[in-house]
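Structural description and commentary
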Amino acid sequence: MQHDSSVLSLADHLRAEVRRLGPGERLPSSRALVERHRVSPVTVSRALGLLAAEGLVVTRPGSGAFAADRPAPSADPIDLGWQAVTLGDRSVDAGGVSGLLTPAPEGTSALSGGYLHPTLQPARALATAAARAARRPDAWEMPALGGMPELRGWFARTVGGGVAPSDVVITSGGQQSLTTVLRALQPPGAAVLVESPTYLGVLAIARASGLHPVPVPTDADGVRPDLLAEAFAMSGARVLYCQPTFSNPAGTVLSARRREQVLAVARAAGAFVVEDDFARHLGIDPPPPPLIAVDGEGRVVHIASLTKATAPSLRVAAVIARGPVAERIRATQLVEEFFPARPLQETLLELVSSPGWPRHLRTVRTALRSRRDAVLSAFARDLPELRPNRPAGGFHLWARLPDGVDDVELAEAALRAGVLVSAGRPFFPAEAPAPYLRISYGTASSESELVEGVRRLAAVLSR
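All of the points below concern the structure found in this document. Please read these numbers as outputs of a predicted model, since none were measured by experiment.

As a further point, take the nonpolar core. In this structure, F155, F232, L348 and I439 are the most contacted members of the largest nonpolar core, which totals 82 residues. The element best represented in this core is helix α14 (residues 356-382), accounting for nine residues. Those residues in contact with I439 that lie beyond four places of it in its chain are L111, V375, F379, F395, H396, L397, V421 and L457.

This paragraph deals with the sheet that holds strand β14 (residues 422-423). Strand order in the open sheet formed by three strands is β12-β15-β14, and the pairing between neighbours is antiparallel. Whereas interior strands pair on both sides, the edge strands pair on one side only; in this sheet they are β12 (396-400) and β14.

Another point: the packing of aromatic side chains. What characterises a pair of aromatic rings is the spacing of the ring centres plus the angle enclosed by the ring planes. Tallied over the full model, the rule gives six aromatic pairs. Here W398 and F427 contribute two aromatic rings whose centre-to-centre distance is 6.2 Å and whose plane-to-plane angle is 85°, an arrangement assigned as edge-to-face. Of this pair, W398 sits in strand β12 while F427 sits in the loop between β14 and β15 (436-440), placing them 29 residues apart in sequence. Ring centres 6.0 Å apart and planes at 40° place the aromatic pair F428 and Y436 in the tilted group. Under the relative-accessibility criterion, F428 is labelled buried at 6%. Linked through ring pairs, W398, F427, F428 and Y436 together constitute an aromatic cluster. Directly above the aromatic system of F66 lies the positively charged group of R60, at a separation of 4.3 Å from the ring centroid.

All right, on to the pattern of salt bridges then. In this structure the tally under the stated criterion is 25 salt bridges. Put simply, D277 and R280 hold a salt bridge, and the shortest N to O gap is 2.5 Å. Pair check on accessibility: D277 and R280 agree, each one buried. Note that E297 is salt-bridged to R299, the shortest N-O span being 3.1 Å. A network of salt bridges, in which partner residues are shared, links R132, R136, D138, R342, E346 and E350.

The next point concerns the side chain of T198. Positionally, T198 belongs in the loop between β5 (191-196) and α9 (200-208). With residues up to four places along the chain from it excluded, the contact list for T198 reads L203, Y241, Q243, N248, P249, F427 and P429.

Quick look at a nonpolar patch on the surface now. Taken together, the side chains of I78, L80 and W82 present a nonpolar region at the surface, about 390 Å² in accessible area. Mapped onto the fold, L80 is located in the loop between β2 (64-67) and α4 (82-87).

Two measures define how a pair of helices packs: the angle their axes make with one another and the distance between the axes. In contact at an axis separation of 10 Å, helix α7 (residues 149-159) and helix α13 (residues 342-352) are set at 50° when each is read in the N-to-C sense. Considering the angle they form, α7 stands oblique to α13. By crossing handedness, the relation of α7 to α13 is classed as left-handed. Residues E150, L151, W154 and F155 of α7 form the contact with α13, whose own contacting residues are Q345, L348, L349 and V352. Residue composition of the contact of α7 with α13, grouped by class: six nonpolar, one polar and one charged.

Here we come to the pairing of β15. Note on strand geometry: in a regular strand, side chains alternate between the two faces of the sheet. Counting buried residues along β15, five of its five residues qualify, which places the element largely inside the surrounding structure. What you see with β15 is no split at all: Y436, R438 and S440 on one side and L437 and I439 on the other are buried throughout. The pairing of β12 with β15 spans five bridges and is antiparallel. Residue pairing across strands places R400 opposite Y436, the latter belonging to β15. In this sheet, β15 lies alongside β14 in antiparallel orientation, the contact comprising two bridges. Across the sheet, A423 pairs through a bridge with L437, a residue of β15.

The next thing to look at is the packing of helix α8 (residues 174-185) against α9. Remark: α8 packs on α9, axes separated minimally by 10 Å, with the N-to-C direction vectors making an angle of 40°. As far as their axial angle goes, α9 and α8 are oblique. Note that α8 runs across α9; the crossing there is right-handed. Here α8 contributes Q175, L178, T179 and L182 to the contact with α9, which in turn contributes G201, V202 and I205. When its residues are assigned to classes, the contact of α8 with α9 shows four nonpolar, three polar and no charged.

With that out of the way, let us pick up the environment of A434. Take A434: it is sitting in the loop between β14 and β15. Taking the C-alpha atoms as reference points, A434 and D406, 28 residues apart in sequence, are found 9.4 Å from one another.

Residue pairs spaced three or four apart in an α-helix point in one direction, given the helix's 3.6 residues per turn. When the terminal C-alpha atoms of helix α11 (residues 256-269) are compared, their 20 Å separation across 14 residues agrees well with the 20 Å that a helix rising 1.5 Å per residue should span. Taken as a whole, α11 has its buried residues at R258, R259, V262, L263, V265, A266 and A269. Viewed along the axis of α11, the buried residues span an arc of 160°, placing them on a single side of the element. Turned more than 90 degrees away from the buried face of α11, the exposed residues are A256, R257, E260 and A268. For α11, the elements touching its buried residues are β6 (212-219), β7 (222-223), α10 (225-235), β8 (239-242), β9 (272-277) and β10 (300-305). Directly beyond the C-terminal end of α11, a positive phi value near 65° is found at G270.

The next point concerns the environment of A432. Take A432: it is sitting in the loop between β14 and β15. Accessibility expressed as a relative area gives 31% for A432, which makes it partly exposed. The spatial distance from the C-alpha of A432 to the C-alpha of A144 is 45 Å, given a sequence separation of 288 residues.

Reading the values: rules and limits
Residues numbered from 1 in each chain as written. Predicted model: local features only at pLDDT ≥ 70, side-chain atom pairs only at ≥ 80, totals over all residues. Heavy atoms only, no water. Core = buried A, V, L, I, M, F, W, Y, C linked by side-chain atoms within 4.5 Å. Buried < 20%, exposed > 50% of the residue type's maximum accessible area, 1.4 Å probe, protein only. Helix = DSSP H or I, 4+ residues; strand = E, 2+ residues; numbered from the N terminus. Contact = heavy atoms within 4.5 Å. Pairing = 2+ DSSP bridges. Phe/Tyr/Trp six-rings, centres within 6.5 Å; stacked < 30°, edge-to-face > 60°. Lys NZ or Arg CZ within 6 Å of the ring centre and 35° of its normal. Salt bridge = Lys/Arg side-chain N within 4 Å of Asp/Glu carboxyl O. Patch = residues over 30% accessible without salt bridge, like charges linked within 9 Å, V, L, I, M, F, W, Y side chains within 5 Å. Areas by Shrake-Rupley, 256 points an atom, 1.4 Å probe, with all protein chains shown as cover. Axes fitted to C-alpha atoms, helices over the stretch in contact; angles between N-to-C directions. Parallel < 35°, antiparallel > 145°, perpendicular 65-115°, else oblique. Left-handed = near helix turned anticlockwise from the far one by under 90°. Nonpolar A, V, L, I, M, F, W, Y, C, P; charged D, E, K, R; others polar. Expected span 1.5 Å × (residues − 1). Arc of directions from axis to C-beta.

This is the structure in structure tokens:
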């Protein structure tokens, strides 16, 4: 549950008050707190709920809220050094993913992020859909394994290409889908080919799963098939992870000719292609059909997510596959998570079945076009030497920096100057061939914030 500033502010006041009380002493009544702080009873209730969750107060219906017992502090810190031996030398690096999920500090222009600004999210439609879903008598029952049949059917129709509902398994969001698919397809120690640059979240998943990401260079038309064939031959990999449509971070679309070539190269290598189709509904221009729609061999494993076009906490996605690999993925998903929460599945089904869904997508596409163009105009005016690409969809621009510029240091300096951007280096599986910045235009509150962010970035680069 999210809490507004009034709840958090009251909780801060009460937290200080509780610490002055002895264990078991009573806090002022809810009515007294309402009058003293000039807030609503709901705000008081939520603030007390926060303190109860922290273990600072105990609430007793009909009696009020009381300061909780405080455990005596330990004389010496606990020695946890033994854990290093047991855990061994394997680690999980969540730094890159954590950085992308951390909101911009107050007053900072947000030119980095992977979700729509709240003003572009279908909050009202989601609330309506969730309310309808929660009212169903069986809303909290276990869903059908593999996902609700109606939702599987919707994903199958949306993807097209002869995909059947039985080919679809509903999962808990795109990130979980990637984890499930990569673990199902490859054992620890195996190589997996990835575009270079690529989504840094998949690099984190692969490494945490004991896989070895092998880079395949890309250009303005997507992954290069000539180097893809060479990478398959040299690495022995049997899986390619790619984002053919509005890739993150570069915003590229795999050209029609290359789509055929990529499938042909994968066929020759006896390999699977994992198609991450996370941004299909963010197309400023109409996107091409997904790879799976033209795959007649069961070679493509398709991941379809709606989170980017809706809201961060709508963690529902679909994995589409055919043949024995589909059963392997279903079994892996079942073992790892059982099933996504039924209320979320019901909510998503309500949302995409409503008349407002296509209107929402049109609104988002219009807003993204306007925002992209505003950022490009700002670059042309304030940073003409960078000339970022002009993506046909998605959230991100990809800007090549001058040789000799350290993109990581630049991103850190930009944050100190009040603009959040993403250094390009973490998006490369190995050494970056040149310095880049990823500039996002979907997360900021407005076009004016985007323009101001470019101005601040230009001031940093001019130093």
